[in-house]
Amino acid sequence: MDIAGRKLFLKALKQEEVDTVFVYPGGVVTDLLDELGRDGSIRLILARHEQALIHEAEGYARASGKVAVCIVTSGPGATNTVTGLTDAFYDSIPLVCFTGQVSVPLIGNDAFQEVDMIGITRNVTKYGVTVSDRKNLGKIIKEAFYIANTGKKGPVVVDLPKNIQVEKGSGEYPDKVSIRGYKPNESVHVGQLKKAYKLLKGAKKPLILAGGGVNVAHANDELLKFVEKTHVPVVSTVMGKGGIPTGHEYYMGNSGMHGAYACNMAISECDVLFSIGCRFNDRVTGSLDDFAPNAKIVHIDIDTASISRNVVVDVPVVADANVALQKLNEWASVQDTSEWIKEIKSWDNEYPLKMPNVDETRLSPQSIMEGINSVFRNSFITVDVGQHQMWASQFLQLDSRRHMITSGGLGTMGFGFPAAIGAKAAIPDTPVICITGDGGFQMNMQEMAVSVTEHLPVITCLLNNKVLGMVRQMQNLFYGKRFVATDLANDRGEAYVPDFMKWAQSYGIEAIRVTDKDQILPALKKAGKMKERSVLIEFVIDQDEIVLPMVKGGDATSDMIL
């Protein structure tokens, strides 16, 4: 029996087991929303801005492990999603974004709110397609979910013209996918993997570098098994943190631009660097000529294009991190790394990862992160972008019960708070904490309305230093303390706007201001008890706090400002 495209759309979402859709309405998607509303079985979360909507979807996907789904209208509704789509593309987050489009006969005529969304997003999505023929609707939707969630995961855009949504056609929704030219790798080349393991086994100073691909592939348990079988020490990227528990004896810490001194020295001195799920971007490598100069490099990654793109490697292995580690665990055996680990720990003793004067009574970012570690044992923590992101990556303790979600590849300010709302929609019974700064928070703070009206309570830990801290830090260190366009309070001595306490109260949420170190734990504990209500905790910190260690852009990671 023939049915309208909008009915097939609903059927497709149900077949894909979609339970939540993040939406912002508009003229050309009203038929889709009407169909979803009539049915009522899929939750619709109305965002307040399309960029935030995509970040909410990202948080949902990261917390649930499922493909997230969005619906936005044409024109500005669609173009407002570009930043979030790019963020998802860089961080391999599976989502399908349905964008409305004018009717097919109007495409190319500069119709009202017509944009070439597929052309605009071609370089920042995994795949994009306009449905130009009703008979292809079911096939295209099926392929979109498959592409988003296989291989190197990522965002897919499906552009749905108005007439396709109402036109009648087949009601069949395919149960299989066969795409010519797209055959994602689901296995591992055993010969290459044996070669890689042989190299690791023969090393005197082996080191595992865990990237974000470990977390994307949910390979945490397999990595932990491998480390415990081999005794090889692990360092991580910011996105790879949590690959194994941060309190584990073989976990050394984060590497890279703001990594621990010991970790960057370990990369510089190791003789085999065994990388899993890492792109080797510039924040990790620093100067390419000086990166791991003594090491043979193994690179395990799902994305063929990322291997040897930045760092030329000795043994490439194209594979999903989980698949590769499962096979490695069949062979893994203990190596004597005791002297090597002692050397790494001696560097840590020489320059430990610790903020200056952290034990004093003053409120410091480190003490805030340690407070979160103490109070929220079982939680998801979303982190925005800026200095607070680096402090969180340095001092948060992560394991199978406490997880961190952040924006890595694109580094998108405004990500943290909407991502927390999306995560809460996915895991309503788990506390969700957002760590953000006063700059990033103001980019999407309007989404507090979503948190309140959709009953998605989150705890926002707002580190307010009244400046754009990361850029100001660079101005402080490298630009002669010329602070240009980084003072959010302005230089005229006027009151800082907004007053976050009054702002929070206007939304009917709990607002707490913390100015002293001894107020941290009481504030966090109070927030933790308010399970049905969102809470904003404003931590007023000094604008001169900086993130150390730090590697100046382009320098060797071993050349650190300590």
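From a predicted model like this one, the values you see are computed outputs, not experimental measurements.

**Quick notes on the overall build of the chain**
Of regular secondary structure, the chain possesses 23 helices and 20 strands. On C-alpha atoms alone, the chain measures out to a radius of gyration of 24 Å, which is about the 24 Å that the 2.2 N^0.38 rule sets for 562 residues. Projecting the C-alpha coordinates of the chain onto the three principal axes gives extents of approximately 70 × 65 × 45 Å. In the chain, 77% of the contacts between residues at least 6 apart in sequence involve partners at least 24 apart. Of the roughly 22,800 Å² of accessible surface on the chain, a fraction of 49% belongs to carbon and sulfur atoms.

**Considerations on the pairing of strand E19 (residues 510-514)**
The element E19 is largely enclosed, with a buried count of four among its five residues. By the bridge criterion, five bridges tie E19 to strand E20 (residues 535-540) in an arrangement that is parallel. Residue pairing in the sheet places Arg-513 in a bridge with Glu-538 of E20. Note that the unit made of E19, helix H23 (residues 520-529) and E20 has a crossover that is right-handed.

**Quick word on the nonpolar core**
Counting residues in hydrophobic clusters, the biggest one holds 61 residues, and the most contacted among them are Leu-273 and Phe-274. Top contributing element to this core by residue count: helix H12 (residues 261-269), with six residues. Residue contacts for Phe-274: discarding those within four places in its chain leaves Ala-196, Tyr-197, Leu-200, Leu-207, Ile-208, Leu-209, Phe-226, Val-298, Ile-300 and Leu-328. Ile-45, Phe-415, Ile-421 and Ala-423 belong to the second largest nonpolar core, which has 49 residues in total.

**A few points about the pattern of salt bridges**
One pass over the full model with this rule turns up 22 salt bridges. One salt bridge in this structure joins Arg-38 and Asp-34, with 3.0 Å as the shortest N-O distance. Of this pair, Arg-38 and Asp-34 both sit in helix H2 (residues 30-39), four residues apart, which is roughly one turn of that helix. Relative accessible area serves as the criterion here: at 33%, Asp-34 is assigned to the partly exposed category. Between Arg-43 and Glu-454 there is a salt bridge; the shortest N-O distance is 3.4 Å. Pair noted here: Arg-43 is in strand E3 (residues 43-46) and Glu-454 is in the loop between helix H20 (448-453) and strand E18 (459-464), with a separation of 411 residues, a long-range link.

**Notes on a nonpolar patch on the surface**
A surface patch of nonpolar side chains, amounting to about 270 Å² of accessible area, comprises Val-471, Met-474 and Tyr-479. Tyr-479 sits in the partly exposed class, given a relative accessible area of 48%.

**Comments concerning the sheet that holds E3**
Spatial strand order, E3-E2-E4-E5-E7-E6: six strands in an open sheet with parallel pairing. Both edges of this open sheet fall to E3 and strand E6 (127-130), since each of them pairs with a single strand only. For this sheet, the mean inter-axis angle between neighbouring strands, taken without regard to orientation, is 20°. With five bridges connecting them, strand E4 (residues 68-72) and strand E5 (residues 95-101) associate as parallel partners. Looking at E5, one finds that Val-72 is bridged to Thr-99.

**Things to note about the packing of helix H3 (residues 50-64) against helix H5 (residues 82-90)**
Direction vectors running N to C along H3 and H5 enclose 25°, while the axes themselves pass 7 Å from each other. Viewed along their axes, H3 and H5 adopt a mutual orientation that is roughly parallel. Contact with H3, carried on its side by Gln-51, Ile-54, His-55 and Glu-58, involves Thr-83, Gly-84, Leu-85, Asp-87 and Ala-88 of H5 and no other residues of that element. Grouping the amino acids of the contact of H3 with H5 by side-chain chemistry returns three nonpolar, four polar and two charged.

**Observations concerning the state of the cysteines**
In total, this model carries zero disulfides according to the counting rule given. In this structure Cys-278 is not part of a disulfide, and its nearest cysteine sulfur, from Cys-270, lies 12 Å away. You can call Cys-278 buried: its relative accessible area is 4%. With no disulfide of its own, Cys-461 lies 8.0 Å from the sulfur of Cys-434, the closest cysteine sulfur.

**With respect to helix H16 (residues 365-375)**
Each α-helix winds once per 3.6 residues, and so residues spaced three or four apart point in a common direction. Counted residue by residue, H16 has eight buried out of eleven residues, so it is predominantly covered. Those residues of H16 that sit buried are Pro-365, Gln-366, Ser-367, Ile-368, Met-369, Gly-371, Ile-372 and Asn-373.

**Some remarks on the environment of Glu-17**
Here Glu-17 is to be found in the loop between helix H1 (5-15) and strand E2 (20-23). In this structure Glu-17 comes out as exposed when scored by relative accessible area, which is 61%. Along the chain, Glu-17 and Gln-366 lie 349 residues apart, while their C-alpha atoms are 41 Å from each other.

**Digging into the sheet that holds strand E9 (residues 206-210)**
The six strands lie next to each other as E11-E10-E9-E12-E13-E14, forming an open sheet whose pairing is parallel. Of all strands in the sheet, those bounded by a partner on one side alone are strand E11 (251-254) and strand E14 (315-318). When the angles between neighbouring strand axes are averaged without regard to direction, this sheet yields 15°. Examined bridge by bridge, strand E10 (residues 234-236) and E11 share three bridges and lie parallel to one another.

**Here we look at the pairing of E3**
Both E2 and E3 contribute to a ladder of four bridges, which runs parallel. Note on E3: the bridge partner recorded for Val-23 is Leu-46. Note that the unit made of E2, H2 and E3 has a crossover that is right-handed.

**A closer look at helix H15 (residues 338-350)**
Relative to the 18 Å expected for 13 residues at 1.5 Å per residue, H15 spans 18 Å between its end C-alpha atoms, a close match to the ideal helical length. If you follow the buried residues of H15, they end up packed against E9, E11 and H12.

**Some remarks on the packing of aromatic side chains**
Each pair of aromatic rings is reported with the distance of its centres and the angle of its planes. Enumeration over the complete set of coordinates arrives at 15 aromatic pairs. Relative to Tyr-507, the ring of Trp-503 has its centre 4.9 Å away and its plane inclined at 55°; by these criteria the two rings are tilted. Directly above the aromatic system of Phe-89 lies the positively charged group of Lys-152, at a separation of 5.4 Å from the ring centroid. Its guanidinium or amino end placed over the ring of Phe-483, Arg-472 lies 3.9 Å from that ring's centre, counting from NZ or CZ.

**Points about the side chain of Ser-364**
Relative to the elements of secondary structure, Ser-364 occurs in the loop between H15 and H16. Using a relative accessible area of 0% as the deciding quantity, one classes Ser-364 as buried. Setting aside its immediate chain neighbours within four residues, Ser-364 contacts Val-358 and Glu-545.

**Observations concerning the packing of helix H11 (residues 220-230) against helix H14 (residues 321-331)**
Where H11 contacts H14, the axes come no closer than 9 Å and their chain directions differ by 30°. Classified by the interaxial angle, the pair formed by H11 and H14 is roughly parallel. Note on packing geometry: the crossing formed by H11 with H14 is left-handed. Counting all contacts with H11, which are made through Glu-222, Leu-223, Lys-225, Phe-226 and Lys-229, the residues of H14 involved are Asn-322, Leu-325, Gln-326, Leu-328 and Asn-329. Residues that form the contact of H11 with H14 fall into these classes: four nonpolar, three polar and three charged.

What counts and what doesn't
- Every chain is numbered on its own, with residues counted from 1 as its sequence reads.
- Since the coordinates come from a predicted model, pLDDT governs what is reported: local features require at least 70, and pairs of side-chain atoms require 80 or more to be given and counted, while whole-chain, interface and lining totals use all residues.
- In computing side-chain properties, one takes all heavy atoms of the structure into account and sets aside hydrogens as well as water.
- Under the scheme used here, helices are H or I runs from DSSP no shorter than 4 residues and strands are E runs no shorter than 2 residues, and both carry numbers assigned from the N terminus.
- We compute the radius of gyration from the C-alpha atoms alone; for a globule the expected value is 2.2 Å times N to the 0.38, where N is the number of residues.
- The contact definition used throughout considers only heavy atoms, calling two residues in contact when any of these lie within 4.5 Å.
- Note on areas: these come from Shrake-Rupley sampling with a 1.4 Å probe, and a residue is covered only by the protein chains present in the view.
- Under the scheme applied here, a residue whose accessible area is under 20% of the maximum for its type counts as buried, over 50% as exposed, and between as partly exposed, the area being computed with a 1.4 Å probe on protein chains only.
- Strand pairing requires that DSSP identify at least two bridges connecting the strands.
- Think of it like this: strands point away, you trace from the first strand over the helix to the second, and a clockwise trace means the crossover is right-handed.
- In these notes, a set of buried Ala, Val, Leu, Ile, Met, Phe, Trp, Tyr and Cys residues joined through side-chain atoms within 4.5 Å is what counts as a nonpolar core.
- Note on definitions: salt bridges are taken to be side-chain nitrogens of Lys or Arg within 4 Å of carboxyl oxygens of Asp or Glu.
- Residues with no salt bridge and a relative accessible area higher than 30% make up the patches, which join like charges within 9 Å and nonpolar side chains (Val, Leu, Ile, Met, Phe, Trp, Tyr) within 5 Å.
- For helices, the fitted line uses only the C-alpha atoms of the stretch in contact; every axis is such a line through C-alpha atoms, and the angle between N-to-C directions lies from 0 to 180 degrees.
- Orientation is classified from the angle alone, with under 35 degrees giving roughly parallel, over 145 giving roughly antiparallel, 65 to 115 giving roughly perpendicular, and any other angle giving oblique.
- Any residue that is not Ala, Val, Leu, Ile, Met, Phe, Trp, Tyr, Cys, Pro, Asp, Glu, Lys or Arg is counted as polar, Gly included; the first ten are nonpolar and the last four charged.
- What counts as a disulfide here is a pair of cysteine sulfur atoms lying within 2.5 Å.
- Expected helix span is taken as 1.5 Å per residue step, with the number of steps being one fewer than the number of residues.
- Geometry of aromatic contacts follows a simple scheme: Phe, Tyr and Trp rings, the Trp one being its six-membered ring, pair when their centres are within 6.5 Å, and the pair is stacked under 30 degrees between planes, edge-to-face over 60, tilted otherwise.
- Geometrically, a charge over a ring is one whose NZ (Lys) or CZ (Arg) sits within 6 Å of the ring centre while staying within 35 degrees of the ring normal.
- We call a crossing left-handed when the near helix sits turned anticlockwise from the far one by less than a right angle, and right-handed when that turn is clockwise.

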